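Chain residues, written in single-letter form:
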Amino acid sequence: QLQASGGGLVQAGGSLRLSCAASGSISSINVMSWYRQAPGKQRELVAHIATAGTTAYAGSVKGRFTISRDNAKNTVYLQMDSLKPEDTAVYYCKANLRNSGGVYSYDYWGQGTQVTVSS
């Protein structure tokens, strides 16, 4: 139900833009988030954005990454600038959403997209 795209290989200092689109019979989407998991490390929160646009970032990416969303397209974006080798990871999107006809909201994860930053 969540499809992430936009990963790839980039040199240090470069930029990438990730996208994650939610599909299906969706009634509402609450918080949308990006996480990442580097080899041998735990998955960590990178950034999240509320429905109204309030954002929060991990300290390691603040000032370099920008999260945004298009509610009409049920899509969340992650603009990554000034990339560093330590940003190399699989990036996952997550959305807390309620399906049409549903009562509760649940967390859904995208499939992950690889970001590799070379030095």
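Residues numbered from 1 in each chain as written. Predicted model: local features only at pLDDT ≥ 70, side-chain atom pairs only at ≥ 80, totals over all residues. Heavy atoms only, no water.

Caption draft 1: Molecular detail of the sheet that holds strand E7 (residues 65–70). Spatially, the 4 strands line up as an open sheet ordered E1-E3-E8-E7, and their pairing is antiparallel. Of all the strands in the sheet, the pair left with one neighbour each is strand E1 (2–5) and E7. Each adjacent strand pair in this sheet contributes to an overall mean axis angle of 15 degrees, direction not counted. Judged from the 4 bridges that link them, E1 and strand E3 (residues 16–22) form a sheet pairing that is antiparallel. Pairing of Gln3 across the sheet is with Ala21, part of E3. (Pairing = 2+ DSSP bridges. Helix = DSSP H or I, 4+ residues; strand = E, 2+ residues; numbered from the N terminus. Axes fitted to C-alpha atoms, helices over the stretch in contact; angles between N-to-C directions.)

Caption draft 2: Here's a closer look at a nonpolar patch on the surface. A surface patch of nonpolar side chains, amounting to about 390 Å² of accessible area, comprises Val103, Tyr104 and Tyr106. By secondary structure assignment, the location of Tyr106 is in strand E10 (residues 106–109). (Patch = residues over 30% accessible without salt bridge, like charges linked within 9 Å, V, L, I, M, F, W, Y side chains within 5 Å. Areas by Shrake-Rupley, 256 points an atom, 1.4 Å probe, with all protein chains shown as cover. Salt bridge = Lys/Arg side-chain N within 4 Å of Asp/Glu carboxyl O.)

Caption draft 3: Region of the structure containing the pattern of salt bridges. One pass over the structure, following the stated rule, counts 4 salt bridges. Note that Asp87 is salt-bridged to Arg36, the shortest N-O span being 2.9 Å. Taken together, the residues span a long stretch of sequence, with Asp87 in the loop between strand E8 (75–80) and strand E9 (89–99) and Arg36 in strand E4 (residues 26–37) at a distance of 51 residues. The buried category is assigned to Asp87, whose relative accessible area is 0%. Looking at Arg36, the relative accessible area reads 6%, which means it is buried. Of the charged contacts in the structure, one is a salt bridge between Arg64 and Asp87, with a shortest N-O distance of 2.8 Å. Pair noted here: Arg64 is in the loop between strand E6 (55–57) and E7 and Asp87 is in the loop between E8 and E9, with a separation of 23 residues, a long-range link. Through salt bridges with shared partners, a single network forms among Arg36, Glu44, Arg64 and Asp87. (Buried < 20%, exposed > 50% of the residue type's maximum accessible area, 1.4 Å probe, protein only.)

Caption draft 4: Structural context of the state of the cysteines. Applying the stated rule across the entire model yields 1 disulfide. There is a disulfide in this structure between Cys20 and Cys93, and the S-S distance comes to 2.0 Å. Since a negative S-S torsion denotes a left-handed disulfide, the Cys20-Cys93 link at about 55 degrees is right-handed. In this pair, Cys20 sits in strand E3 while Cys93 sits in strand E9, placing the two residues 73 residues apart along the sequence. The pair formed by Cys20 and Cys93 is uniform in burial state, with each residue classed as buried. (Disulfide = S-S within 2.5 Å.)

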